[in-house]
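The chain contents come next:
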Amino acid sequence: MLAKYITTPIFYVNDKPHIGHAYTVILADVLSRWFKINNYDVFFLTGTDEHGNKIEKTAREKGMDPKDFVDQISGLFKSAFAKLDIQYSRFIRTTDKDHEENVKRILKYLYDKGDIYKGTYEGYYCLPDESYFTESEIIDGKCPVCGRPVQKISEEAYFFRLSKYKDQIINFLNSNSIIPDFRVKEQLNRLKNGLFDLDISRKTVKWGIELPFDNSHTTYVWFDALLNYLTAINFDLNKYWPADLQIIGKEILWFHSVIWIGILSALNLPPPKKILAHGFWLVNGQKMSKSLGNVIDPVLWVEKYGSDAVRYALISEKPAHDDGDISEEKLISKINSDLADELGNLVYRVLSLSLKSNKVFEGDDLLSKELDLEGIKNDFENYDAFSALHKIMDFVRKCNKFVSDKRIWELEGKEFDSAIYSLLNSIKSIGILIYPFMPNTGIKIIKMLGYDESYINVKNLAFGPIGPVKYREILFSKVEKK
Ligand code: ME8
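Only a predicted model underlies this, so the values are computations on that prediction, with no experimental measurement involved.

**Describing the overall build of the protein**
- What the protein contains, in helices and strands, is 17 helices and 15 strands.
- Relative to the globule expectation of 23 Å for 482 residues, the C-alpha radius of gyration of the protein, 25 Å, shows essentially globular dimensions.
- Counting only residues that meet the buried cut, the protein has 56% of its 482 residues in that class.
- Within the protein, contacts between residues at least 6 apart in sequence are counted, and of these 78% link residues at least 24 apart.
- Accessible area of the protein: about 20300 Å², with a carbon and sulfur share of 49%.
- Treating the 64 positive side-chain charges of the protein as one cloud and the 67 negative ones as another, the clouds have centres 1 Å apart.

**Examining the pattern of salt bridges**
- Using the criterion set out here, one finds 35 salt bridges in the structure.
- Here Lys290 and Asp15 are joined by a salt bridge, their closest N and O atoms 2.9 Å apart. Placement of Lys290 in the loop between strand E14 (281-282) and helix H11 (298-305) and of Asp15 in the loop between strand E1 (3-12) and helix H1 (19-36) is noted, with a sequence separation of 275 residues between them.
- Classification of Asp15 as partly exposed rests on a relative accessible area of 31%.
- When the shortest N-O distance is used, the salt bridge between Glu303 and Lys83 registers 3.9 Å. Note that Glu303 is positioned in helix H11 and Lys83 in helix H3 (residues 66-83), a separation of 220 residues in sequence.
- According to the relative accessible area criterion, Glu303 is exposed, its value standing at 54%.

**Thoughts on the site of the ligand**
- Near the ligand you find 23 residues, and of these Ile10, Tyr12, Thr24, Asp49 and Trp281 are the closest.
- Between the ligand and Gly20 there is a distance of 3.4 Å, counted from a nitrogen atom to a backbone nitrogen or oxygen.
- Asp49 places a side-chain nitrogen or oxygen 2.7 Å from a nitrogen atom of the ligand.
- For the ligand, whose accessible area on its own is 670 Å², the fraction buried by protein is 92%.
- Breaking the shell around the ligand down by element, the ones donating at least two residues are E1, H1, helix H7 (221-226) and helix H8 (228-231).
- Among the elements that take part in the shell around the ligand, E1 stands out by supplying 4 residues, more than any other.
- Grouping the constituent residues of the shell around the ligand by class yields 12 nonpolar, 9 polar and 2 charged.

**Re the environment of Gly141**
- Along the polypeptide, Gly141 turns up in the loop between strand E5 (131-133) and strand E6 (151-160).
- Spatially, the C-alpha atom of Gly141 lies 23 Å from that of Val221, the residues being 80 residues apart in sequence.
- Leave out the neighbours within four places in its chain, and Gly141 touches Pro149 and Val150.

**Some remarks on the domain arrangement of the protein**
- Once the domains are mapped, the protein shows domain 1 (3-278) and domain 2 (327-461).
- Computed over C-alpha atoms only, the centres of domain 1 and domain 2 are separated by 41 Å.
- Taken residue by residue, the interface counts 17 residues in domain 1 and 16 residues in domain 2.
- In this assembly, domain 1 packs against domain 2 so that about 1500 Å² is buried in total across both faces, 67% of it on carbon and sulfur atoms.
- Joining domain 1 to domain 2, the criterion identifies 0 salt bridges.

**Quick look at the layout of surface pockets**
- Volume-wise, the second largest pocket comes out at about 160 Å³.
- Of all the secondary-structure elements, those providing two or more residues to the lining of the second largest pocket are H1 and helix H15 (385-406).
- Residues of the lining of the second largest pocket, tallied by class, amount to 11 nonpolar, 2 polar and 2 charged.
- For the lining of the second largest pocket, the two domains that each supply at least three residues are domain 1 (3-278) and domain 2 (327-461).

**Some details on the sheet that holds E6**
- Spatially, E5-E4-E6-E8 is the arrangement adopted by the 4 strands of the open sheet, whose pairing is antiparallel. In the strand order of this sheet, the two ends are held by E5 and strand E8 (198-199), each with one partner.
- Where strand E4 (residues 116-126) and E5 come together, 3 bridges link them in antiparallel fashion. Each bridged residue has a counterpart across the sheet, and for Cys126 the counterpart in E5 is Ser131.

**A look at the environment of Ile392**
- Relative to the assigned elements, Ile392 resides in helix H15.
- Taking C-alpha positions, Ile392 is 15 Å from Ile445, a pair spaced 53 residues apart along the chain.
- Every residue in contact with Ile392, bar those within four places of it in the chain, is listed here: Ile376, Leu433, Ile434 and Phe437.

What counts and what doesn't
Residues numbered from 1 in each chain as written. Predicted model: local features only at pLDDT ≥ 70, side-chain atom pairs only at ≥ 80, totals over all residues. Heavy atoms only, no water. Helix = DSSP H or I, 4+ residues; strand = E, 2+ residues; numbered from the N terminus. Rg over C-alpha atoms; globule rule 2.2 N^0.38 Å. Buried < 20%, exposed > 50% of the residue type's maximum accessible area, 1.4 Å probe, protein only. Contact = heavy atoms within 4.5 Å. Areas by Shrake-Rupley, 256 points an atom, 1.4 Å probe, with all protein chains shown as cover. Lys, Arg positive; Asp, Glu negative; His and termini not counted. Charge placed at Lys NZ, Arg CZ, Asp CG, Glu CD. Salt bridge = Lys/Arg side-chain N within 4 Å of Asp/Glu carboxyl O. Near = heavy atom within 4 Å. Polar contact = N/O pair within 3.5 Å; in protein donor to acceptor, adjacent residues only side chain to side chain. Nonpolar A, V, L, I, M, F, W, Y, C, P; charged D, E, K, R; others polar. Domains from an automatic or database assignment. Buried area = accessible area lost by both parts, 1.4 Å probe. 1 Å grid on protein atoms, 1.4 Å probe; cavity = no way out; pocket = protein on both sides within 12 Å on 5 of 7 lines; lining within 4 Å. Points joined across faces, edges and corners; volume = space filled by probe spheres on them. Pairing = 2+ DSSP bridges.

This is how it looks when you write it as structure tokens:
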């Protein structure tokens, strides 16, 4: 069985998950499920990033012990992901024992190899972003990423010889491995300012993994965090590394396309095959923030509209690499038009007609040519879930048009049979193809047609005798707009 290793970033546990976090894991889940129904052995990793100053500070502010605090918030991520039907292989936490051991083992290896050395760190630190900047990077004394004030600091620290691996990093950046490719230039431009060794330890932070060779320091949270991708597959590195796809948001591409590649090179490991840097969700054109009170909680949406609708709305709204706007109105209009009027309606009308005769349908294939299966497969190979979903929905629309144009409810005999044969097979294909996006809907469709869940596999897409239909149900009801 061919293996596929797909990862998401591990999320900071300073607050509960919002719709942006939900999007990343949904995208990873959609792609993972596609490869699963193509008979790949998929390892899908997600989890939480739990060390560092910011988290320790947030915990203290809440009067909590950091460990109790991270347990609580990590639990919220886990339960949100369960509600969103995220079928991960492992939910890793950087406080997991095996991860802490792995980080120490790797640090020791790099230290013994001479790739980690002691020096003095001088620079500027942005606490909310857990990021360090040089004098030339900060803008008017503010963080170049978030615009908040930075602190000047000078302290003893251990450094990772990132500069030693510049060639490998540049090779990676030029290797066609980043989606979308226009982001490569941004990283190469930033590299022109020089590539400095990375300070990877903190004396001042207590909530972190101690360095195995100097216990007065803890490991810088990003160095600790990136290694999660290896901890999770330590049991079979040969099989799963290099990762096939590492999905991240565009704001952390530097960490993944430069620092991470440097660390991997030092470990003599190849870089990931692809990194997909997706864009950001805005709400009415604005960044989500607590102070604006516009943070969308995915769990509330799932409770109101179901996880399939939320998954559908996010994936269909924009190509992954773009920024986009999301709102409850948009979600509702997608439920009403795409899911109730198009998909739900197609399944309900065709199955209602089929149920009138309790038989196996055979006949001429009048519809499979309308399905761009090659295009869909190709989109998935390019990790373009947005484009694949639109092709599937185009097919749904074509099937509805076929029903109306042919007035199939008026057909009889062989003509009726061929129409129903074609439509039931099309609906079967739609059930299988829509499953990665909307697993509950895919399963419902397949069950109505008389198959069980294990039938959901790309090898079962071919048209053939079909029926009798078991039952029919309404997949999506319209939601009234307030
Ligand atoms: O950066 N729109 O964690 P994080 C879309 N722990 N996606 C969004 C988003 C938005 N508005 N906001 C966040 C970290 N995301 C580190 C990662 S990996 C070794 C360590 C998503 O909790 C997006 O995927 O800040 C982004 O990369 C991730 O959440 C950052 O989550």
